[in-house]
Structure formats: structure tokens, C-alpha cells
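# Architecture at a glance
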Amino acid sequence: MGHFSRTINGETPESVAYETLPVRVLIVGAGAAGARTAIELVERGVAPEDILVVGKRRHGDAHTTWARGGINGALGTHDPDDDWTVHAADTLTEGHHVNDPDKVETVARRMPGLLRELDEWGMPFSRTDDGDIDQRYFGAQSFRRTAFAGDHTGESLLDTLVDRAQSLSIPYRENVFVSRLLTDADRVLGAAATDLDTGDFLLFDADIVVLAAGGYTSLYRRHSSRDDENTGDGPALAYAAGARLMDMEFIQFHPTGMVGARYGDEWDGRLVTEAVRGEGGHLYNAQDERFMERYSAEQMELDARDVVARAIDAELDAGRGTANGGVYLDISHRDRDFIRERLPRMYERFADLGVDMASDPVEVAPTAHYGMGGVVVDDVGETDVAGLYAIGETMAGVHGANRLGGNSLAETIAFGQVAGDAIAARLAAGDATDTPSSTLHDHARRHFAALETLADSRGSTQPATLLDDLRDLLWTHAGIHRDETGLAAGLDALTALRGRALDLDVGNPTSRSFEFALNLQFGLTVAEAILRSAHERTESRGAHHRPDHPETDPDWRRNVVVERGTLGSMALSTTTVGRPSDPVRTALDAGYELDYHQLE
Ligand SMILES: Cc1cc2nc3c(=O)[nH]c(=O)nc-3n(C[C@H](O)[C@H](O)[C@H](O)COP(=O)(O)OP(=O)(O)OC[C@H]3O[C@@H](n4cnc5c(N)ncnc54)[C@H](O)[C@@H]3O)c2cc1C
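Residues numbered from 1 in each chain as written. Predicted model: local features only at pLDDT ≥ 70, side-chain atom pairs only at ≥ 80, totals over all residues. Heavy atoms only, no water.

Once that is clear, we can look at the domain arrangement of the protein chain. For the protein chain, the domain assignment lists domain 1 (19-251 + 370-429) and domain 2 (252-369). Of note, the centres of domain 1 and domain 2, computed from C-alpha atoms alone, are 28 Å apart. Contact with domain 1, which involves 27 residues of that partner, is made by 30 residues of domain 2. Taken together, the two surfaces of domain 1 and domain 2 that pack against each other cover about 2400 Å², and 44% of this comes from carbon and sulfur. In terms of surface lost to domain 2, no three residues of domain 1 exceed Asp151, Arg222 and Ser224, which account for 29% of the buried area on that side. (Domains from an automatic or database assignment. Contact = heavy atoms within 4.5 Å. Buried area = accessible area lost by both parts, 1.4 Å probe.)

What follows is the structure, given as C-alpha cells:
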């Protein structure tokens, strides 16, 4: 334990204690991305004791476990014409050509091999009658490319990775909340954290830090994540450390979230997997019209998520929704056994709620599901800050303006492997920071003193209340539709909210309010990045829909980048998009697309 003198409000010297833990590679995040990185490091020769994986929840309980539908990779189980180039082409098309083509290729090329590797590690993939890894349709993909384990793919994936990591003796700590990355000039030195069980402050003295801390969609009122995950920690930590963020305006609203007024608040926004539509589910409004005919007569329910989400939203706006504020999703024309086998978790969940999916429809409405934006990284996942990597949902670049279902788990695995490989090579070459440890401790001491001050705050506002207000703000001002007036008003409202955040009532470091206060600080940064980026992009593209700029503008084939400006302000700029490789261009030119009527 280190003890240092500190000053509160410049007057009262006190002592702040923390434990220092030296480690070569700190991985912040124990979901699929973090776990896969750790495995790769060990398989490339890094000693397990040089690695530490931390998560802010119980180990094995990362948000990844909520992924249901599947994971993409062009195995061609059913469709031999599928290959990695078509996967890449579909991803770029769905991303409306503002994805980073190199990152897309990294994922598409590697996934067939990585799926087979997961299979060897014991992943319980669903099988065809011939015993091959089965693959299903997912919206907007040219072929059946989505491998799955029933409708519990994420849970099975994380179980497989955790088993593998444990067999390699990779150390981890659970319930550890990282609140600050510590840097010197442009190099990461470590991270400051709180043990949420004991309230102890922890300083990780690390050569390399990998942010695999998930995304930011639970900053929206209706969202498909758990409230205290996907709170934007990864992007906010990276931004504060000096890294750039990109594409933050692109938020995917999943068309089929559960309707709280029908199933209870705790279910509001929770996902009804796309697999229900992939397996043939139909959408009806309250007038019994299969309304997708009006919006996408060819692709119908399997059109891209943004198209289906906007269609449902338009039906609700037109007053054709249910009394509970949703529309109906119906798969009752399929056999009960088929539904049970292909959608077991959904079937069980609704049965527990008294709904029999084999005979009745369920009620759904759009929900914020995935933030395509995140931290700017290079081809191996390293940020602008030397030694700091960002992967999985925390990184930007793979998905562009919209994400294909099944591509996010693919990204976690592919970039986990790529980053782990690159870091192992770097460590083998002897890379380590030579900054004196006094610098690290100076930074840590200041941060821990600020945390103590935060924990002592006895103001008038609960952090949880402000988090809820922030969620309402983003839903209202940067939701499925966003325009100039609403975004400007959103930025004003954010300034007011920031003011209220100066008067927090916070408890000690083991309390929920302490954690909420930290989430709030992250959320304020991320919300500003979303609002400013959405304001900047004066066109509609993919998931970003601006009724005041309804067309896609070819001049806007650029990415909006956010970085810390002088005096702490947020500075925006744009960058141009790279060119896909020749094989991918050939696949794009071939114009593959799914024959949606195969599903009827
Ligand atoms: C309901 C649902 C269904 C989905 N279905 C699919 C699907 O079928 N196919 C698909 O491809 N994708 C799907 N997705 C998306 C996919 O699940 C995620 O994008 C992916 O699992 C993200 O993995 P990750 O490892 O990047 O992050 P996560 O799994 O979110 O893990 C983040 C980790 O970081 C830790 N962490 C966060 N902040 C901190 C902090 N401050 N300090 C310490 N630790 C921290 C967390 O505790 C956790 O361990 C779905 C998402 C949802 C919500």
C-alpha cells in the first residue's frame, strides 16, 4: 500500500491509500474481446502471470453473454458460393461504405478459421444433420453465414473462452472498476481502479493496456443492454487519455425490443433476437397489416435493422401501433418443435411471461442496441496513445454507418486475436515504458484523491437520477431521427445536466451511487461526442437519419472524428475512408444479395 499526502480544496492535507499491482498487460474487460486477447497472448508465449484481465462485474458475466443470434464467418456450410470477400462486401454495403475496409477484411478473412478454432475449443455450435457447423440467415446478408449455438450464442462463446483461459491459467480479477488511464505524454503507463467489493483503490502499473470495455448504448432510455453495462466506459477512458473517437453518431436501433408496458419495466428494450425474423417471423401492426410491404416490399422483415426500426417507428407515429406502444412479431406459423429448437431462450422467456410463441405474437418496438462508433485504432487495435489498445465493441471502424447482425461477436474474436498477436510480438521485442514510476504515482495520487472527494460529496442530486435524465436526453435528441434543432437543444440540455452533476450525493466506493457517479462522468463525455458528431453529419446514412438532410450525400463519405481540444473542449474533424482491396471490390461489383423469398 502506498500512502500519500493530499489536499482537499487546497487546504486540508489527508492521506490516500492504494495498492500498486505491476503487470505487463492489463486487459480492461472480460467479455469475448478481452478473453480472446488474453488467450492469444499466452498462445504466443506471454507468461500468464504477466497478464491480468479485469472486469467490473462477476467473471464470466460480461455483456457478451446477452448475445443470442450468432456469429458471422463465411464457412459456406449451406451456400458454397459464400466466401470472405462476399462477407466483407456485405459488411461494407451495410456500413454504407464508411467502414474501414482494412478492418472489415481482417474480420472477414479470419473468421472461418476462428470459428473452426472455437469449435475445437468446445463451443457447442448448432449442427446440420451432417454434423457441420450450422449457419442461419441474418438480415441484409447475401448468404447463410451466421453460426450459432441455439439462441444463446454469446453465453456459449464466453463459456468456451473462459474455460480456455482458465485452462491456460490466465489471472483475472472481478468487480474492479477502472476509472482512469494514466499516461505520460503519448504513452500509457497504467490504470487507476476501485475494487467494488472492498472499496480499495488499485493502481495497475502496466506496459500495455487493452480496453475491451464494451460499447455505449445503455446511455439511451430504451436499450437492449443491462443498465450498468455499455455505459461508454471504453470510449470515455480512451478519450480522457488522449485517444480519438470516431463514428459516434452511428447508433443502431434494433427493431425488436420488448415493450415494457406489456411485459414490465425490467423487460423494456430487452432484445427479441433477429433470429426470430431470420427463422421466418412476420411483423404486423395493430390493424393486422404486414406493414413491411409498405417500406421494403422485397426484403420485408429481413431488411437492414435501421430500415425495419424506422418502419416500426413510422407505424407507431401514424397511430397504427398497439395500445402498449409496439407492433406484433409473429412466428406462430412455425411448428412448436421448430421454435423450441431454433429459439429456445426466446420461447422460454415468453413462456415465463405467459406468452406462447407457437400460438401468439409478441409485442416489440425499437431499442438502442449497438454503437458503431468507438475509439480510433490502427490495423492491430492500437490507439493514438502508445501501448493503449482498444478492441471489440470499444473500437471503431468495422461497422461504418450500420452493423450486420453477427458481426460484432466476429469483431471481438478477430481483433482479440490480432491485438493479442501484435502485443505478444511487441513484448518479445522488449518494449516497455521507461517513464520513472514517480510520474505514474503522481498521476494516480491525484486521481485517487479526486475519487475520495467524489465519495465524500453530499450534494442534492442522485447520480442515478442524472443517468436517467441523460438517457432521456439522448433518446429525445439523438434518437432514431435527429435534426439540427433537436441536436442543438440536446447540447444545451447537456450543459444544464453537467451543471447539476456538480452537486452529487455520492456514497462510499462500495456503494452503487459511487459507481453511478463514475458512469455519469463517462456518459457525459460520450453523450457530447454523440450529439456533436450527429450535428456535424448533415446527411442521412445508415443508422444516422436526419429528416432535415434526408439524402445520402456522396461528399459525406467520411468519418467524423472527435478529440480533446485545447482547454478541454471537444474538437471535431473528418477523415477520408480507405479503398477496399481488389477481391472485395470484385465481390461488391458482383452485387450479391439474398433472395429474401427463400424464407417464405
Ligand atoms: C441483447 C444483445 C444481443 C446481441 N446479440 C448479438 C449477436 O447475436 N451477434 C453479435 O455479433 N453481436 C450481438 N450483440 C452484440 C455483442 O454481444 C457485443 O457487441 C459483444 O459481446 C461485445 O463484446 P466485448 O467483449 O467487446 O464487450 P462486453 O461483452 O460488453 O464486455 C465488456 C467488459 O468490460 C468490462 N468493463 C466495462 N467497463 C469497465 C470499467 N470501467 N472497468 C472495468 N471493467 C469494465 C465489463 O465488466 C465487461 O467485462 C448483442 C448485444 C446485445 C445487447
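Attention now goes to the layout of surface pockets. Approximately 760 Å³ is the volume attributed to the largest pocket. Taken together, 26 residues make up the lining of the largest pocket; nearest its centre are Arg180, Arg498, Gln521, Phe522 and Thr525. Mapped by element, the contributors of at least two residues to the lining of the largest pocket are β8 (176-184), α5 (233-240), α13 (437-455) and α16 (512-536). Examining the composition of the lining of the largest pocket, we find that 6 residues originate from one element, α16, more than from any other. Each residue belonging to the lining of the largest pocket can be placed in one class, and the counts come to 15 nonpolar, 7 polar and 4 charged. (1 Å grid on protein atoms, 1.4 Å probe; cavity = no way out; pocket = protein on both sides within 12 Å on 5 of 7 lines; lining within 4 Å. Points joined across faces, edges and corners; volume = space filled by probe spheres on them. Helix = DSSP H or I, 4+ residues; strand = E, 2+ residues; numbered from the N terminus. Nonpolar A, V, L, I, M, F, W, Y, C, P; charged D, E, K, R; others polar.)

Turning our attention to the sheet that holds strand β5 (residues 135-136). Taken together, the 3 strands give an open sheet; going across it, the order is β4-β6-β5, and neighbouring strands pair in antiparallel fashion. The sheet is open, and its two borders are formed by β4 (71-72) and β5, each paired with just one other strand. Looking at chain direction, β5 and strand β6 (residues 146-147) are connected through 2 bridges and run antiparallel. By the bridge assignment, Gln135 is partnered in β6 with Ala147. (Pairing = 2+ DSSP bridges.)

So, on to the nonpolar core. One finds Leu26 and Ile71 to be the most contacted residues of the largest nonpolar core, which totals 128 residues. Among the elements that make up this core, the one with the highest residue count is α16 (12 residues). Of all hydrophobic cores here, the second largest spans 27 residues; its members include Val272, Phe291, Met292 and Ile331. (Core = buried A, V, L, I, M, F, W, Y, C linked by side-chain atoms within 4.5 Å. Buried < 20%, exposed > 50% of the residue type's maximum accessible area, 1.4 Å probe, protein only.)

Here we take up the UniProt feature "domain: FAD-dependent oxidoreductase 2 FAD-binding" (unreviewed entry) in the protein chain. UniProt feature "domain: FAD-dependent oxidoreductase 2 FAD-binding" (unreviewed entry): in the numbering of this structure it lies at residues 25-409. Along residues 25-409 the backbone is 29% helical and 20% strand, and the end-to-end C-alpha distance reaches 23 Å. (UniProt positions renumbered as here; feature names shortened; annotations may be inferred.)

Right, let's get into the site of the ligand. Looking at the ligand, there are 37 residues lining it, with Thr64, Gly70, Glu393, Ser408 and Leu409 nearest. In this structure, Ala32 approaches the ligand through a main-chain N or O atom, which is 3.2 Å from an oxygen atom. With respect to the ligand, the backbone of Val178 contributes an N or O atom lying 2.9 Å from a nitrogen atom. About the coverage of the ligand: the protein hides 98% of its 1000 Å² of free accessible area. Those elements that provide at least two residues to the shell around the ligand are α1 (32-43), β8, β15 (362-371) and α12 (407-428). At 4 residues, the largest contribution of residues to the shell around the ligand is made by α12. Looking at the shell around the ligand residue by residue, the classes come out as 15 nonpolar, 15 polar and 7 charged. (Near = heavy atom within 4 Å. Polar contact = N/O pair within 3.5 Å; in protein donor to acceptor, adjacent residues only side chain to side chain. Areas by Shrake-Rupley, 256 points an atom, 1.4 Å probe, with all protein chains shown as cover.)

Attention now goes to unusual backbone geometry. At Asn175, a position not held by glycine, the phi torsion is positive, near 55 degrees. Residue position: Asn175 is located in the loop between β7 (172-173) and β8. Judged by relative accessible area, which is 17%, Asn175 ranks as buried. The phi torsion at Met300 lies on the positive side, around 55 degrees, for a residue other than glycine.

This brings us to the pattern of salt bridges. A full pass over the atoms with the stated rule returns 48 salt bridges. Residue Glu43 is joined to Arg164 by a salt bridge in which the shortest nitrogen-to-oxygen separation is 2.6 Å. Linking Glu43 in helix α1 with Arg164 in helix α4 (residues 153-167), this pair joins segments that are 121 residues apart in sequence. According to the relative accessible area criterion, Arg164 is partly exposed, its value standing at 25%. For Asp582, the salt bridge identified is with Arg579, shortest N-O distance 3.8 Å. Across the pair, Arg579 and Asp582 agree in class, each one exposed. The structure contains a network of salt bridges with shared partners spanning Arg57, Asp61, Arg226, Asp228, Glu229, Arg512 and Glu515. (Salt bridge = Lys/Arg side-chain N within 4 Å of Asp/Glu carboxyl O.)

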